[in-house]
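As a plain string of letters, each chain reads:
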Amino acid sequence: MLMRRALTTLTALLIALTLAAEPAQAQKKTLVVALNQDPDILDPTPSRTYVGRIIFAQMCEKLYEIDENLKIFPQLAADMPAFTDGGKTVTIKLRPGVTFNDGTPMNAESVRYSLDRHLNMKGSNRRSELESVNSIEAVDPLTVRLKLKTPFSPLVAILADRSGMPVSPAAANKLGDKFGTAPVCVGPWQFVERISQDRIVLEKSPHYFDKGAAKFDRLIFRIIPDDNVRLANLRSGDIDMMHLVGPTDAANLRKEAKFEVSSVTGIAYSGITINLRNKTGKPPKPPGDLGTPLANDPRVREAFDLSIDREALNKVVWDGQNTVGCTPISPVSPFYDKSRKCPTRDVAKAKKLLADAGLAGGYSFEMVIVNDPQQRRVGEVIQGMAKEAGFNISLKPSEFASALNDNDAGKDQAFLIGWSGRVDPDANIFQFHTCGATLNSTQSCDEGVDVILNRAREVSDLTQRTSLYRQAVDKFAFARRNIIYIYHANYIVAYPKSLKGYKAVPDGLIRIKGATWQ
C-alpha cells in the first residue's frame, strides 16, 4: 500500500512538472542560436562570411530565395524575372506593400539604389557578381529593368544572395561605410545590437509585410567557437539551436532522443587556398612574385595534393559523415560531374615531384587555420599526412575575421578555409579563379580559364555549362592548384524536438522564419 501511494504521488508530481514546463517553453519568446564564428561586417555589400549570411537570412531578405531542393523562387520580387533582347534585358517586378525596417518604402528606386551600391561602392564584394550589369533603371514604382553587357545565366542565383538584398537608402546614406553597424533591410526581424565576439541581437520588425512569419520576439545569436561549450549549452538549455554540430556529437544527440538533429549535404566546399602571387593584397592590388617553391612551382602543389588522403581524413575527423571532394561543385548540385575521380594519395609520386622540383630534402611552409577545434583537427591530420611526403607544415591558428583579412592582404602561404557555396557554380568559381576578381586572394591568372568561365556565364543550357565547368576545373583544380579542394561538409543543426517548422537547405543557412515552439 505504501509503495502504491508513493508511486501515485510521484506520478502526480511528474505530471505537475510537465504541465508547468510546457507553458514555460510555449511562452518563451526569445530563441537563442549558437554560431561557431563571429560574422564580419553586417553590410551585405562588403560582407563575405558564411555566418554573416545566417544573420542576413533573418533581417535582410532578397529578391529571390532558394528552397530545400535548391529551387529558386521570388521573395521580395513578385515573380521570376522576364528575359528579353536575347537575354540582355532583365525585367523584375517587385512585391507591393513592402517597407524596410525603418518604415521607408521598398520600391523600384530603392532596389536600383541598392544594386548600384553593390556594384560601385568602394570595398564591395558584390562587384564581380554584378559586373555583367550595364545599367539599372526604375521603370515604375514596382518595376526594375537591368540592361546587361552580355547574356548572364547566373544572374537569378546571384540575386538570391547578398547581391539581391535591398538596403534602406535612408539608412545607407546616413551611415555611409558604417552601415554595417546598424543595418536596415527588409526582414521579419531587425537589428538591435552587436557585442563583438559575444552576441548579435535581433527583434521582431513591426514593418514586415507577413506579420505571422516571425514567431519569436527576439533572436539572439551567441558566438561560441568551442564545439564542446556549444554542446554543453544546448544540453543545459542555455541555447536553443546549435549550429555546425560535430558528427560524433550528432550521433550522441540522436541517441538521447531529446533533440532533433538535422543533417544535409551542403553546396559548400572546404580546401586549402595557396597564395600564388598575392604579395601586397588581393585585386585591385597588382600581383607580385612571392619567390617561394609553393607559389611558383606547380609540382610542389601537386605533391602536396597527392600527400593528402581525403577518405582517411573524412573518417578520422568526421566519422565519415562529410563528402569527399576535389572540385568546388557539390554532389547535390545539378552541375556535379559524376564521372570525376579525385586524386588518390600517392606518397611515392609526391616525393618524386618534390625531388624534381629540387626539394628532395623536404619543404617547409606555414598553413593558417581558423582557431576552432574542428579546423585544428583537420590541420593536424593534413600536417601528419604531408610530413610523410616530405612537407614540414607549421600550423598558425587565427581568429576567423583576422584570418580572412590577413589572407586578403597576402600574408599567408596557405590557408585552410572553405566557401559556403551557392546554387549556381559560377559563384563558387568565377570570383576565385579569374584574373583580377574581387575574391581572388591567390592572385592567380590564366586567360584560358577566364575564356571558359565567361562562356559558361553566357550559355543557358545545363549540359553545355556542365561541360564548360569540367574544362575549367581541369585547369585550375588539377593543373594550377591555387585551391586544393578536400571535402563538402554536411550541415548539422540540433535543437529541441519541441521546435517545429525548421527546414534545412543545402546552403547551410539557418532560417528561423516559420519555426515555432509546439
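K.L.:
So what exactly am I meant to see when it comes to the state of the cysteines here?
P.N.:
Note on terminology: disulfide describes a covalent bond linking the sulfur atoms of two cysteines. Tallied over the entire structure, the rule returns three disulfides. With a sulfur-sulfur separation of 2.1 Å, C60 is cross-linked through a disulfide to C185. Between C60 and C185, the S-S torsion sits near 60 degrees, and that sign places the bridge as right-handed. Of this pair, C60 sits in the loop between α2 (50-59) and β2 (64-66) while C185 is found in the loop between α5 (169-175) and β8 (189-195), placing the two residues 125 residues apart along the sequence. By relative accessible area, which is 1% here, C60 ends up buried. Here C326 engages in a disulfide with C342; their sulfurs sit 2.3 Å apart. Taking the sign of the torsion about the S-S bond as the criterion, the disulfide between C326 and C342, at about -90 degrees, is left-handed. Taken together, the positions of C326 in the loop between β14 (323-324) and α11 (347-356) and C342 in the loop between β14 and α11 put the pair 16 residues apart, joining distant regions of the chain.

K.L.:
Sorry if this is basic, but what is going on with the confidence of the model for the protein chain here?
P.N.:
The predicted coordinates ought not to be read in detail in places where the model reports low pLDDT. Averaged over all residues, the pLDDT of the protein chain equals 93, while 95% of them reach at least 70. Segment residues 1-24: pLDDT under 50, and zero contacts once partners within four positions in sequence are set aside and those in other chains are kept.

K.L.:
Explanation requested: helix α6 (residues 227-236) in the structure shown.
P.N.:
Because an α-helix packs 3.6 residues into every turn, residues spaced three or four apart end up facing the same way. D227, R230, L231, N233 and L234 are the residues of α6 that are buried. End-on view of α6: buried residues confined to an arc of 160 degrees, all on one side of the axis. The residue sitting at the N-terminus of α6 and contributing the capping side-chain oxygen is D226; that oxygen lies 2.8 Å from the backbone nitrogen of N228.

K.L.:
Can you help me understand unusual backbone geometry in this one?
P.N.:
Glycine aside, negative phi is the norm for most residues, and most peptide bonds take the trans geometry. Backbone torsion omega between P283 and P284 reads 20 degrees, so that peptide bond is classified as cis. When you line up the elements, P284 lands in the loop between β13 (269-274) and α8 (293-296). One non-glycine residue, L244, lies in the positive phi region at around 55 degrees. Looking at the element boundaries, L244 is found in the loop between β11 (241-242) and α7 (247-256). Unlike most non-glycine residues, D319 shows phi in positive territory, near 55 degrees. Within the secondary structure, D319 sits in the loop between α10 (310-318) and β14.

K.L.:
Sorry if this is basic, but what is going on with the pairing of strand β10 (residues 218-223) here?
P.N.:
Within a regular strand, side chains alternate between the sheet's two faces. Here six bridges tie strand β1 (residues 30-35) to β10, and the two strands are oriented parallel to one another. Its bridge partner being in β10, L35 is matched across the sheet by I223. Pairing between strand β9 (residues 199-204) and β10: five bridges, direction antiparallel. Residue pairing across strands places L202 opposite L219, the latter belonging to β10.

K.L.:
Would you explain the sheet that holds strand β16 (residues 391-398) in this entry?
P.N.:
The strands making up a sheet are joined through hydrogen bonds of the backbone, oriented either antiparallel or parallel. Pairing is mixed across the open sheet formed by six strands, whose spatial order is β14-β18-β13-β17-β15-β16. The strands lining the two open edges of the sheet, one partner per strand, are β14 and β16. As defined by bridge partners, β13 adjoins strand β17 (residues 414-419) across six bridges and the pair is classed as antiparallel. Within β17, the position partnered with S270 by the bridge is G418. Here helix α13 (residues 400-408) sits on the sheet in contact with β15 (363-370), β16 and β17, set at roughly 115 degrees to β17.

K.L.:
Any chance you could explain the environment of L142 here in plain terms?
P.N.:
Summarising the element assignment, L142 is placed in the loop between β6 (133-140) and β7 (143-148). With 78 residues separating them along the chain, L142 and Y64 place their C-alpha atoms 15 Å apart. Leaving out residues up to four positions away in the same chain, L142 has contacts with I92, K93, L94, R95, P96 and A108.

K.L.:
Hey, could you run me through the sheet that holds strand β4 (residues 82-84) in this one?
P.N.:
Taken in spatial order, the four strands line up as β4-β5-β7-β6 in an open sheet, and their pairing is antiparallel. Every interior strand has two partners, whereas the edge strands, β4 and β6, have only one. When strand polarity is set aside, the average angle formed by the axes of neighbouring strands in this sheet is 20 degrees. Where β4 and strand β5 (residues 89-93) come together, three bridges link them in antiparallel fashion. Bridge assignment links A82 to a residue of β5, and that residue is T91. Contacting β6 and β7, helix α3 (residues 108-120) crosses the sheet at an angle of about 165 degrees to β6.

K.L.:
Explain the packing of aromatic side chains to me, please; I cannot follow it from the model alone.
P.N.:
Think of a pair of aromatic rings as described by two things: how far the centres are apart, and how the planes are tilted against each other in angle. If you walk through the whole model with that rule in mind, you get 13 aromatic pairs. Between F304 and F365, the aromatic rings sit 5.3 Å apart at their centres with planes inclined by 80 degrees, giving edge-to-face as the arrangement. Of this pair, F304 sits in helix α9 (residues 298-306) while F365 sits in strand β15, placing them 61 residues apart in sequence. Of the two residues, F304 and F365, both sit in the buried class. Aromatic pair Y495 and Y502: ring centres 5.4 Å apart, planes at 70 degrees, arrangement edge-to-face. Comparing Y495 with Y502 shows no difference in burial state: the two are buried.

K.L.:
Explanation requested: the environment of A409 in the structure shown.
P.N.:
Its place among the elements puts A409 in the loop between α13 and β17. In this structure, A409 is in contact with N278, K279, T280 and G281, ignoring residues within four places of it in sequence.

K.L.:
Would you take a moment to explain the packing of helix α14 (residues 426-433) against helix α15 (residues 447-458) for this structure?
P.N.:
Packed helices, taken two at a time, are described by their axes: the angle between them and the distance between them. Running from N to C, α14 and α15 point in directions that differ by 150 degrees, and their axes come no closer than 11 Å. For the pair α14 and α15, the crossing hand works out as left-handed. Contact with α14, carried on its side by D426, I429, F430 and H433, involves V449, D450, L453, N454 and R457 of α15 and no other residues of that element. Class assignment of the residues belonging to the contact of α14 with α15 gives a composition of four nonpolar, two polar and three charged.

K.L.:
Any chance you could explain the pattern of salt bridges here in plain terms?
P.N.:
Where side chains of opposite charge bring their charged atoms close, a pairing between them can arise. Scanning all chains against the criterion turns up 34 salt bridges. As a salt-bridge pair, D43 and R117 come within 2.7 Å of each other at their nearest N and O atoms. Within this pair, whereas D43 is found in the loop between β1 and α2, its partner R117 is found in helix α3, the two being separated by 74 residues in sequence. For the residue pair D43 and R117, the accessibility class agrees, reading buried in each case.

Definitions and limits used
- Residues numbered from 1 in each chain as written.
- Predicted model: local features only at pLDDT ≥ 70, side-chain atom pairs only at ≥ 80, totals over all residues.
- Heavy atoms only, no water.
- Disulfide = S-S within 2.5 Å.
- Helix = DSSP H or I, 4+ residues; strand = E, 2+ residues; numbered from the N terminus.
- Buried < 20%, exposed > 50% of the residue type's maximum accessible area, 1.4 Å probe, protein only.
- pLDDT = per-residue confidence, 0-100.
- Contact = heavy atoms within 4.5 Å.
- Arc of directions from axis to C-beta.
- Polar contact = N/O pair within 3.5 Å; in protein donor to acceptor, adjacent residues only side chain to side chain.
- Pairing = 2+ DSSP bridges.
- Axes fitted to C-alpha atoms, helices over the stretch in contact; angles between N-to-C directions.
- Phe/Tyr/Trp six-rings, centres within 6.5 Å; stacked < 30°, edge-to-face > 60°.
- Left-handed = near helix turned anticlockwise from the far one by under 90°.
- Nonpolar A, V, L, I, M, F, W, Y, C, P; charged D, E, K, R; others polar.
- Salt bridge = Lys/Arg side-chain N within 4 Å of Asp/Glu carboxyl O.

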